[in-house]
Each structure stands twice: as structure tokens, then as C-alpha cells.
Amino acid sequence: MTHPPTNLQIWQQNLNRSSTSQHAHLHGPHSEQWDVYALQEPHIRPNKCTISTPKFYTVYPTTRFSDPDLTSRVITLVSTSINTGAWRQIPFPSPDVVVVQFTSPLGKTTLINIYNDCTH
């Protein structure tokens, strides 16, 4: 059953490009607790895709297709238990930022997932 988000459970993690860490988070016993994963430095395969599960929608930076030479250093995973009409991606011109806005009876919440390489 899908629901509008009234209480989001968010996990934020820098995975240092580790597929082992990413699999552990997504397939571990605690994965059902989280509505959103805000991941920095996820494991990205050579085809520019990442690892996910059928339990989550994968939200890539909006530059993923407009500038295919850039590799995404951030992704956001949104639980499929959240109705797709209750959230939307907001375009942002950076491969290091994903913006997702959630709408619930309580109002709107905007989640900004940023990878900072510490040189800016």
C-alpha cells in the first residue's frame, strides 16, 4: 500500500563508491525502516547505473542524460511505498545534487542531497 509521507525516515551515507556497502544498506534487515536513502559517492557501474532494489525508485541528478560524460556522485532512493504522486524531482543543473520535493497533508518538504568534494 502506498501512502503520502507524513513522517519521512531518511538515511544519509557516503558509500565511498563501495558496492559492498551499498548492497549491505539496501538488502540489510534495517532497509525496511527507511523511506529515503540520500547517498553520496554510490557505486556507479560502467553503464552509469547504480545498484538498487525493487523497493526503491532511483533518482539520479537531472544532468545524467543531458551531460552523459559526467558521472553522478549522488543519488536519492525513494521507497515505492510512497505514492509517486506525493513526490517529484526538481531539476538542478549539477551532477552532484538531487532535489526531491515531498507533498503531504502537512505541506511540502524539500530534500536536497548534495555531494561536496571539499574543494568548493
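Criteria and cut-off values
Residues numbered from 1 in each chain as written. Predicted model: local features only at pLDDT ≥ 70, side-chain atom pairs only at ≥ 80, totals over all residues. Heavy atoms only, no water. Helix = DSSP H or I, 4+ residues; strand = E, 2+ residues; numbered from the N terminus. Polar contact = N/O pair within 3.5 Å; in protein donor to acceptor, adjacent residues only side chain to side chain. Contact = heavy atoms within 4.5 Å. Pairing = 2+ DSSP bridges. Axes fitted to C-alpha atoms, helices over the stretch in contact; angles between N-to-C directions. Buried < 20%, exposed > 50% of the residue type's maximum accessible area, 1.4 Å probe, protein only. Arc of directions from axis to C-beta. Phe/Tyr/Trp six-rings, centres within 6.5 Å; stacked < 30°, edge-to-face > 60°. Lys NZ or Arg CZ within 6 Å of the ring centre and 35° of its normal. Core = buried A, V, L, I, M, F, W, Y, C linked by side-chain atoms within 4.5 Å.

Further remarks concern the side chain of Ser 94. Mapped onto the secondary structure, Ser 94 falls in the loop between β5 (87-90) and β6 (97-104). A distance of 3.0 Å separates the side chain of Ser 94 from the backbone nitrogen of Asp 96, its partner in a polar contact. Not counting the four nearest positions on each side in its chain, Ser 94 is found in contact with Pro 61 and Thr 63.

Pairing is antiparallel in the open sheet, where 3 strands are placed in the order β5-β6-β7. Each edge of the open sheet is held by one strand with a lone partner, namely β5 and β7 (107-114). Put simply, the sheet's adjacent strands are angled 25° from each other on average, direction ignored.

Looking now at the sheet that holds strand β1 (residues 10-14). Read across the open sheet, the 4 strands follow the order β1-β2-β4-β3; overall the sheet is mixed. Where the open sheet ends on each side, the last strands, each with one partner, are β1 and β3 (56-59). Across the sheet, the mean angle separating the axes of adjacent strands is 15° when strand polarity is ignored.

With that out of the way, let us pick up helix α1 (residues 19-27). Looking at α1, one finds that the buried residues are Gln 22, His 25 and Leu 26. End-on, the buried residues of α1 take up no more than an arc of 90°, which puts them together on one face. Exposed residues pointing more than 90 degrees away from the buried face of α1 are listed as Thr 20 and His 27. Put simply, Ser 18 is the residue that caps the front of α1, since its side-chain oxygen is 3.4 Å from the backbone nitrogen of Thr 20.

Taken as a whole, this structure holds 3 aromatic pairs when the rule is applied. An angle of 45° between the planes, with centres 5.8 Å apart, marks the rings of Tyr 57 and Trp 87 as tilted. Taken together, the residues Tyr 57 in strand β3 and Trp 87 in strand β5 connect sequence positions 30 residues apart. The class for Tyr 57 is partly exposed, based on a relative accessible area of 33%. In this arrangement the basic side chain of Arg 64 is found over the ring face of Tyr 60, its NZ or CZ atom lying 3.7 Å from the centre.

Within the largest apolar cluster, 12 residues are counted, these being Val 36, Val 59, Val 74, Val 78, Ile 82, Ala 86, Trp 87, Val 98, Val 100, Phe 102, Leu 111 and Tyr 115. Residue assignment for this core shows that the elements contributing at least two residues are β4 (74-79) and β6. Take this core: its biggest share by element is 3 residues, from β6. Beyond its immediate sequence surroundings of up to four residues, Val 74 is in contact with Leu 39, Gln 40, Pro 42, Pro 61, Pro 95, Asp 96, Val 97, Val 98, Asn 113, Ile 114 and Tyr 115. Grouped together as the second largest cluster of nonpolar side chains are 10 residues, Leu 15, Phe 56, Ile 75 and Leu 77 included.

By themselves these figures say nothing about function.
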